[in-house]
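Remarks on the overall topology
Read off the chains here:
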Number of protein chains: 2
Amino acid sequence: MPAYAVGHKVPDSDSICSAIALSYLKTTIGEETLPARLGELSPETLFILDKFGFEQPELKMTFADTDGIYVVDHSDRIQGPDDIDDTTVLGIIDHHKLGDITTSTPLECWIRPVGCTNTIIKMMYDFHGVEIPKNIAGAMMCAILSDTVIFKSPTCTTADIKCVEALAEIAGIEDYKALGMEMFTVKSSVEGTPVRELVLRDFKDFKMGDNVIGIGQLEVIDLALFDEMKADLQADIAAVKEEGDRHSVLLLLTDIMKEGSELLVASDDAALVEKAFGKSLVDGKAWLDGVMSRKKQVVPPLQDAFA
Amino acid sequence: MPAYAVGHKVPDSDSICSAIALSYLKTTIGEETLPARLGELSPETLFILDKFGFEQPELKMTFADTDGIYVVDHSDRIQGPDDIDDTTVLGIIDHHKLGDITTSTPLECWIRPVGCTNTIIKMMYDFHGVEIPKNIAGAMMCAILSDTVIFKSPTCTTADIKCVEALAEIAGIEDYKALGMEMFTVKSSVEGTPVRELVLRDFKDFKMGDNVIGIGQLEVIDLALFDEMKADLQADIAAVKEEGDRHSVLLLLTDIMKEGSELLVASDDAALVEKAFGKSLVDGKAWLDGVMSRKKQVVPPLQDAFA
């Protein structure tokens, strides 16, 4: 039986591309590993896979029948496979805060405070001296451009920038910023998409104290794209909150050109959210100037407020 | 304020030498970091520090007043500083199962299934292109020889062996195996040492389900050294169990030449321990042939038995 590399629920481009890139690396060094996904792919991820000629990874929700899993792009139990206790966690490759996955045997963890899991996977290729195939380099590069919002996110580090430059060279892509903008234009086409699909497109649950907080994010090249649908989005995050028995659901509408986010909030205690960001909500909304990163600018203040 | 590198409670040679080696590396790349220790040092560790000209790291139990900590050689809350929640965990460098430390911000984790934390720290030096000073290389090498029982432990990997060879060359040590035996002879001098000191010399608490299980280990070059004191050791682990409100206390008396361990047990439910190892206890004792590693051969079966 092979091992699997699997990212978080509601997979984003980093989760999928890192699963593909890690599987190739592990298989090349003699550990047969396949990529898996825990859900449907976003238009952005489909664009990347199509661009570089990849099939979608296998949709696989249970891993008890495998040789173990490499957890990529998360380390929180709530975000990963539900049957994680029935398999062996062989390793974790991630760039977020350290979550609550524990193991009963030694494992391999490559966790770095960088902008993207694929930047770390590039380090793993270098460590093992394995050449990155052209198409895998392209997919890894796009995942980094996505996670770092073409280097604009405060999560972006010099390691990410250098990595993109190196991967662009391997992939033979001259103008990677143009490709990044093309990708974000695909990501920005929200018109005609069902509201629920938008809310859940890049959605993660976090355990804060005894509460579950769901946080979604939509990154677009122009916030005006949401003008017609904002009321519907607000109604829907309230519904997602109730259905999932969550304390709060937040949706970040991030304008990557203006470099800030409009925050939509549905919460049992909105004052806590106001406290976290030092901002009053008006009609359940607030503009957070300069806020582009859920990981670095949204989760930590919320976690402090809930502590 | 500097950051600190700190190993586990009841520090062993790996915890101390990795704190020293990591502090030098971090300081060299521009992050001022100091080594700390959470307890008294064993004769083996004192031998290493003396051999290579190091002072004992600062005895420091609280870290709220620091710039953060690098956790080395463990990732379990129960084994680390009690006030870990009052500081920032900047990173974890470890070679054990993944424990229950979590963070609220991204961090750096270098965790590998190898025999010793110092083997991983060597990888970090290589990654950063920092030259290892001669005396630090010597201390790192001794820590690896200690943790891998001069390569006899089943935890030993080819990475550990290669790392010892490289460090021996840097340190200018020709016969590292002879130095290893000298070190284990120091470790074996148990005569005249108070029984409690022996029980706690290399002692770790583990959380298994809702229970705390303490497991000590003494590695000697000849098990006969314990002949006169075995009854006292058994009485004392029973006392340690009661005093610490533990479910069980196990003491492994490891014979590094015979390559096996005598297990002494004090437990609220000795049948669970018997089940874990598939061995009956006679007078609270059992010989476990080939068992040399607490991490690989003792903790996992116990954890399964307690699951």
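Quick caveat, the model's predicted, so the values are computed rather than measured. (Residues numbered from 1 in each chain as written. Chains lettered and ligands numbered in written order. Predicted model: local features only at pLDDT ≥ 70, side-chain atom pairs only at ≥ 80, totals over all residues. Heavy atoms only, no water.)

1. Observations concerning the overall build of chain A
- When you go through chain A residue by residue, the secondary structure sums to 10 helices and 11 strands.
- Taken over C-alpha atoms, the radius of gyration comes to 19 Å for chain A, in line with the 19 Å a tight globule of 307 residues would show.
- For chain A, the spread of C-alpha atoms along the principal axes amounts to about 55 × 45 × 35 Å.
- Taking all 307 residues of chain A together, 61% fall into the buried category.
- Long-range pairs, those at least 24 residues apart, make up 63% of the contacts in chain A between residues at least 6 apart in sequence.
- Here chain A displays about 11700 Å² of accessible surface, and carbon together with sulfur accounts for 49% of that area. (Helix = DSSP H or I, 4+ residues; strand = E, 2+ residues; numbered from the N terminus. Rg over C-alpha atoms; globule rule 2.2 N^0.38 Å. Buried < 20%, exposed > 50% of the residue type's maximum accessible area, 1.4 Å probe, protein only. Contact = heavy atoms within 4.5 Å. Areas by Shrake-Rupley, 256 points an atom, 1.4 Å probe, with all protein chains shown as cover.)

2. Overview of the interface of chain B and chain A
- Between chain B and chain A, the residue contacts involve 25 residues of the former and 25 residues of the latter.
- For the chain B and chain A pair, buried surface summed over both sides reaches about 2100 Å², with 67% attributable to carbon and sulfur atoms.
- Where chain B meets chain A, there are zero salt bridges.
- The tally of links from chain B across to chain A stands at six residue pairs in polar contact (both at pLDDT 80 or more). (Buried area = accessible area lost by both parts, 1.4 Å probe. Salt bridge = Lys/Arg side-chain N within 4 Å of Asp/Glu carboxyl O. Polar contact = N/O pair within 3.5 Å; in protein donor to acceptor, adjacent residues only side chain to side chain.)

3. What about the sheet that holds strand S2 (residues 33-37) of chain A?
- As summarised here, the arrangement of the 12 strands in space is S3(A)-S2(A)-S1(A)-S4(A)-S5(A)-S6(A)-S6(B)-S5(B)-S4(B)-S1(B)-S2(B)-S3(B), forming an open sheet in which the pairing is mixed. Each edge of the sheet is formed by a strand with only one pairing partner; in this case those strands are strand S3 (58-59) of chain A together with strand S3 (58-59) of chain B.
- As paired elements, strand S1 (residues 3-6) of chain A and S2 of chain A share four bridges and run parallel to each other. By the bridge assignment, Ala3 of chain A is partnered in S2 of chain A with Thr33 of chain A.
- Taken strand by strand, helix H3 (residues 117-128) of chain B contacts strand S5 (89-94) and strand S6 (108-111) of chain B, and its axis lies near 120 degrees from that of S5 of chain B. (Pairing = 2+ DSSP bridges. Axes fitted to C-alpha atoms, helices over the stretch in contact; angles between N-to-C directions.)

4. Looking at the side chain of Thr103 of chain A
Residue and element names in this part refer to chain A.
- Residue placement: Thr103 occurs in the loop between strand S5 (89-94) and strand S6 (108-111).
- Residue Thr103 is classed as buried on the basis of its relative accessible area, which comes to 9%.
- A distance of 2.8 Å separates a polar atom in the side chain of Thr103 from the backbone oxygen of Thr105.

5. A closer look at a negative patch on the surface
- Judged by side-chain charge, Glu191, Asp222, Asp227 and Glu228 of chain A come together as a negatively charged surface patch.
- Along the polypeptide, Asp227 of chain A turns up in the loop between strand S8 (211-220) and helix H8 (230-243). (Patch = residues over 30% accessible without salt bridge, like charges linked within 9 Å, V, L, I, M, F, W, Y side chains within 5 Å. Lys, Arg positive; Asp, Glu negative; His and termini not counted. Charge placed at Lys NZ, Arg CZ, Asp CG, Glu CD.)

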